[in-house]
Amino acid sequence: MTVLKLMMAALPFLLLTSCVKVTQAPILFEDSAAAAGLNFTHVTGATGEYFLPEIMGPGVALIDYDNDGDLDIYLIQGKSFDGKVGSGNRLFRNQLKETGKLSFVDVTEQAGVGFVGDGMGVAVGDYDNDGFADIYVTNFGPNVLFHNNGNGTFTDVTKQAGVNDPRWSTSAAFVDYDKDGLLDLFVLNYVDFTVEGNKPCFSTTGERDYCTPKAYHSVPARLFHNQGGGVFTDVTEKSGISSAYGPGLGVVTGDFNGDGWDDLYVANDTAANLLWLNQKDGTFREEALRSGAAYASDGVARAGMGVTAGDFDGDGHDDILVTNLTREGATLFRGNGLGDFDDTSLKSGLAQLTSRFTGFGAKWFDFDNDGKLDLFIANGAVTRMETQRGKPRPFEQTNQLFQNVGGTLREVSAAAGNAFQVAGVARGAAFGDIDNDGRIDIVVANNEGPVRLLLNRSAASMHWLHVQLDGGPLNRFGVGAKVELRRKGVASIWRRVSTDSSYLSAHDSRVHFGLGSQPEVEELIVHWTDGSKESFAAIKPDQIVQIRKTTGKLTR
Amino acid sequence: MSMMIRKTWAIILLAILTCSCTRQKPPVPQLNTENFLPKVRANIESALKAALANPDDAATVGKLGMLLSAHNQMAAAAQCFERARALEPKSFRWTYYLATSQTDQEKSILILQEGLQLDPGYVPARLLLADLLLAANKLDESRSEYKAVLEAKPQSPQAQYGAGRYYSFVGDTAKAATHYRKAIALFGQYGAANYALALLLRQQGKKAESEEYFRFYEQNKTTAPPLEDPLQAEIAELNAGAMAHIHRAAELEQAGKLPEAVLEHSRALEIDPKLVQAHVNLISLYGRLGQIDKAEQFYRSAITLDTKQADAYYNYGVLLFNGKELARAERQFRKTLEINPYHAQAHHNLGFLFEQKGDLVAALQEYEMACNSQAAYPLARFHAGRILAAQRNYPAAIAHFSKALQPENDRTPSYLYALAATYVRSGNRIEGARYAHLARNAAASFGQSELMASIDHDFPGLEKK
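Here the residue numbering is sequential within each chain, running from 1 through the sequence in written order. As a convention, the first chain written is A and the first ligand written is 1, with the rest following in written order. For a predicted model such as this one, the threshold for reporting local features is a pLDDT of at least 70, and the threshold for listing and counting side-chain atom pairs is 80 or more; totals across whole chains, interfaces and linings nevertheless cover every residue. Each side-chain value is worked out from all heavy atoms of the structure, with water and hydrogens disregarded.

S.K.: Lay out the sheet that holds strand β26 (residues 400-405) of chain A in plain terms, naming residues and giving numbers.
M.R.: Across a sheet, paired strands are connected by hydrogen bonds in the backbone, their directions being either parallel or antiparallel. All names here are of chain A. Here a strand pair is declared whenever DSSP counts at least two bridges between the two strands. Put simply, DSSP H or I for four residues or longer makes a helix, DSSP E for two residues or longer makes a strand, and each gets a number counted from the N terminus. Read across the sheet, four strands follow the order β24-β25-β26-β27 without closing on themselves; strand pairing throughout is antiparallel. The sheet is open, and its two borders are formed by β24 (359-365) and β27 (408-411), each paired with just one other strand. Here the average twist between neighbouring strands, direction ignored, is 20°. One ladder, built from three bridges, connects strand β25 (residues 374-379) with β26; its direction is antiparallel. Note on β26: the bridge partner recorded for phenylalanine 376 is leucine 401. Fitting a line to C-alpha atoms yields each axis, with helices limited to the stretch in contact; the angle taken between N-to-C directions then spans 0 to 180 degrees.

Set out below in structure tokens:
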């Protein structure tokens, strides 16, 4: 065959491949912030001094603070260092239950949570087991613990609780690491930046730019043990947590070695990530290097920002995803449930798909209700982007959505609606079913930009189930408990109760199961953190159920 | 279909996709250099002017691309290289540069494959192609590329490491380990290869051996074998930014080449006389070289440029401390902490000054603040432990000495010895003897004969264990 003939033969093949399409259910996320009255714009008050904290926030929390059955939204605000700009954090109450329509009203003033500071992130947990979720706010500067009074108001109890950290704190997590039924608090710190000691940093062309964390020294995290009675004790030293640290940005809790005790995983920016394995005696041992989860497979530390853990491949074990800087790509550590991880970023194709972006907030979540965990990543650069020279904010990127198709992640951002075409400087991202329609929605907090409320309009025909746990007098929201959903002929789906992960953000504490087109649930088993189990059979799909520990009752 | 026919198809398809059509010539890029450093701007504008005047001269346009690439302006650089390649299609140089300036890995692969037809022997390009193919899950093609490099250059540690990664990808751990071992044999400090082998051995349950390679990795981390890439070296040389000199200076300083590091800083200051970081670093460098007048001169210039540079005060404090001007040194460390209350070294040095004055309470407080600011600070832990041991607060002293053992360094044997002695003083002779034994072994491994003699004197009989 001549070369010409071969070329002619090749043409139909090329035409065919260019026409192939994959049939799938429509994927759609709609930015409904303005329509729902969620009017909030983050400000940094940047004055051109390139203070590093300006580019790092903010976070966002989904919290049903009034226990009315719908998720409210708490947004973290920045502040200029001269104090001239910055109106404080805002709490928006969801009026879905009372009006039947998704709409938000700003209740910050009456709730008393409008803290004005150099806000970074937020964690949510019911630390006093009174049945009302409390709020911990991290700042560049002193942090704040707001106790939920149960009547729509909060009280700043930071001092009496003993949970302040005056340094630059970032992500935080409530976790019952000693199984005493009281939520403890783990707070990450970043670097020892001070306004007075701000260092001038430059791009390679000599333009003023934000520094990397390497310009400063990293600062250890802090672990507060909940003593009960609303008081915490700083056990950072005693627990061993201070023995290793880096510039911490993201934290996720989980039982990574399958011993039944919650561990901590920390994403560090430009330093080794940390895996704190719970020693069951109030101490932790750092095992990231030997577990394979400290670095990507080349042994080079990445700029870890956000982190999420979940069983994306359906093997029953948590897999950890860490978002990183442009050109690095996200790192996907596949877990074996025994505390060992394998970097599969390249093999999964994810490193390549994410390498053009700087990722922050991220979470495994089942957006299409097919029972498999998908992935969302909030993106936005931290240093000037060459292609955006001349823009006042040359850091804007689009966010990404990945669909899990048979254990493989496929990027579907282009098909997911206009919300994924809008560029911004995204940081925190919180996940939960905000309109209670059985589909997980996303709130994206943008740096120096408006908040985005991405309502999930995908997969309307698929079945689902939300499970809300009530641990009774101890560990009220069942944080750390695992819920196993069994169906005939398919592998169990496991989900864990938590509000941590992503970046600077807190999520819906209800666990969500996508059931696909198969609505029958054979059995639902709750594995409580104290080792006890409760089982429930013949559960109807497409509803939110509540399970109160030891009552054997499942209510709608 | 035979392998031969498939290869022919692949080449033809590649030709259709990349070569057969007339190549588009993108215009010379528009550049806004307004905020660039003057020297960088002058260089780029001069090259831009030349390229605009001679838009059909590949060398001139390519030179602009090289300059832009040197300053990390990769999108504009890629535009220049694409034009240069269209003007001079037989040039490997422009093709290679175009491939390395892409953000899309698939495009890089196609361009590199084309480039390697022009110069099949350019090893860095072939290695990059193999790495990219592996990242794109094109495993067979990746293996072929690594194999080609190993046939031409069997002594390439990078190719051995790459081949190891390939076999690891496909699950052949035995072959992967063999290649990693070869890479390490060729370049012992190869951080990535040591890490990969350690992880592999751990997976195979060979814990003791994996620990050994984890240790090698921790000693070397990002150290990689040098890769001769004259084309990229030409680009690196064009970086006229002051920070490029600062980075080179940091590498020289790490290698103990202090005069050379000073020279690089001077070059940085020629480009940007107001670069505070250079002034701050020169305080320390001249101080260590014993050129006190010069160090003082840079201290003054640093705080004139920026009164809030904590490290300027700290570096000058160290200089004064070494010159036995303790009162002045103390003021500098205090000033450092006013700006940065978490400056661990300043806390430590202040603690040492208080201890010299006999104020042990203040000294201990500073050492502990140093440990709070930087937990892995063995020297501060050791000093805090000493004071606590002297105060007979043995549990607290033991806690500090225990934490001084990581990260390991040549002082670790002394810390082990202090821990042993403190255990004995606290009445725990068994732990004391155990740590004395460890201290003796550690001292032996570092060749510290004096310390060994002290241990043997204080703990007779240990050497016989």
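S.K.: Describe the environment of A:Glu448, and please don't skip the residues or the numbers.
M.R.: Residues and elements named next belong to chain A. Locating glutamate 448 in the fold gives a position in the loop between β29 (441-446) and β30 (452-456). Between the alpha carbons of glutamate 448 and glycine 45 there is a distance of 8.4 Å; along the sequence they are 403 residues apart. Residues in contact with glutamate 448, not counting those within four places in the same chain, are His42, Val43, Thr44, Gly45 and Arg393. Residues count as neighbours in contact if any of their non-hydrogen atoms are within 4.5 Å of one another.

S.K.: Just give me the short version of the environment of A:Ala445, but keep the residues and values in it.
M.R.: Residues and elements named next belong to chain A. You can see alanine 445 is positioned in strand β29. When the C-alpha atoms of alanine 445 and phenylalanine 104 are compared, they prove to be 16 Å apart, with 341 residues separating the residues in sequence. Discounting residues that sit within four places of it in the chain, alanine 445 has contacts with Pro58, Gly59, Val60, Val425, Ala426, Arg427 and Gly428.

S.K.: Which residues make up the environment of A:Phe202, and what values do they have?
M.R.: Mapped onto the fold, A:Phe202 is located in strand β12 (residues 201-202). Along the primary structure A:Phe202 and A:Arg384 are separated by 182 residues, whereas in three dimensions their C-alpha atoms are 9.9 Å apart. Ignoring anything within four residues of it in the chain, the contact list for A:Phe202 reads A:Glu207, A:Arg208, A:Asp209 and B:Leu275.

S.K.: Give a description of the packing of helix α18 (residues 310-322) of chain B against helix α20 (residues 344-356) of chain B that names residues and reports values.
M.R.: All names here are of chain B. For the pair α18 and α20, interaxial distance at closest approach is 11 Å and the crossing angle is 25°. In terms of axis orientation, α18 runs roughly parallel to α20. For the pair α18 and α20, the crossing hand works out as left-handed. Contact with α18, carried on its side by Tyr314, Val318 and Phe321, involves Gln345, Ala346, Asn349, Phe352 and Leu353 of α20 and no other residues of that element. A per-class count over the contact of α18 with α20 returns six nonpolar, two polar and no charged. Small angles under 35 degrees read as roughly parallel and large ones over 145 as roughly antiparallel, with 65 to 115 read as roughly perpendicular and the rest as oblique. In this scheme the handedness of a crossing depends on how the near helix is turned from the far one: anticlockwise by less than a right angle means left-handed, clockwise means right-handed. By the convention adopted, Pro, Cys, Tyr, Trp, Phe, Met, Ile, Leu, Val and Ala count as nonpolar, Lys, Arg, Asp and Glu as charged, and the other residues, Gly among them, as polar.

S.K.: Summarise the domain arrangement of chain B; cite the residues concerned and give the values.
M.R.: Domain ranges listed in this record stem from an automatic or a database domain assignment. Taken domain by domain, chain B consists of domain 1 (22-89) and domain 2 (408-465). Distance between the C-alpha centres of domain 1 of chain B and domain 2 of chain B: 64 Å.

S.K.: Break down unusual backbone geometry for me, with residues and values.
M.R.: Going from A:Gly57 to A:Pro58, the amide bond is cis rather than trans, its omega being 5°. Within the element layout of this structure, A:Pro58 appears in the loop between β1 (29-31) and β2 (60-63). At B:Asn137, a position not held by glycine, the phi torsion is positive, near 65°. Phi at B:Lys221 is positive, roughly 45°, even though this residue is not glycine. Residue position: B:Lys221 is located in the loop between α12 (207-220) and α13 (230-237). The buried label applies to any residue whose accessible area, calculated with a 1.4 Å probe on protein chains only, is under 20% of its type's maximum; exposed applies above 50%, and partly exposed to all values in between. With a relative accessible area of 34%, B:Lys221 lands in the partly exposed category.

S.K.: Give a description of the pattern of salt bridges that names residues and reports values.
M.R.: For this document, the term salt bridge refers to a Lys or Arg side-chain nitrogen within 4 Å of an Asp or Glu carboxyl oxygen. Applying the stated criterion across every chain yields a total of 47 salt bridges over all chains. Of the charged contacts, one joins A:Arg93 and A:Glu98 as a salt bridge, the two residues approaching to 2.4 Å between their closest N and O atoms. Between A:Asp340 and B:Arg202 there is a salt bridge; the shortest N-O distance is 3.6 Å. Of this pair, A:Asp340 sits in the loop between β22 (331-335) and β23 (341-343) while B:Arg202 is found in helix α11 (residues 191-203), placing the two residues in two different chains. Each member of the salt-bridge network shares a partner with another, and the members are A:Asp165, A:Arg167, A:Arg222 and A:Asp234.

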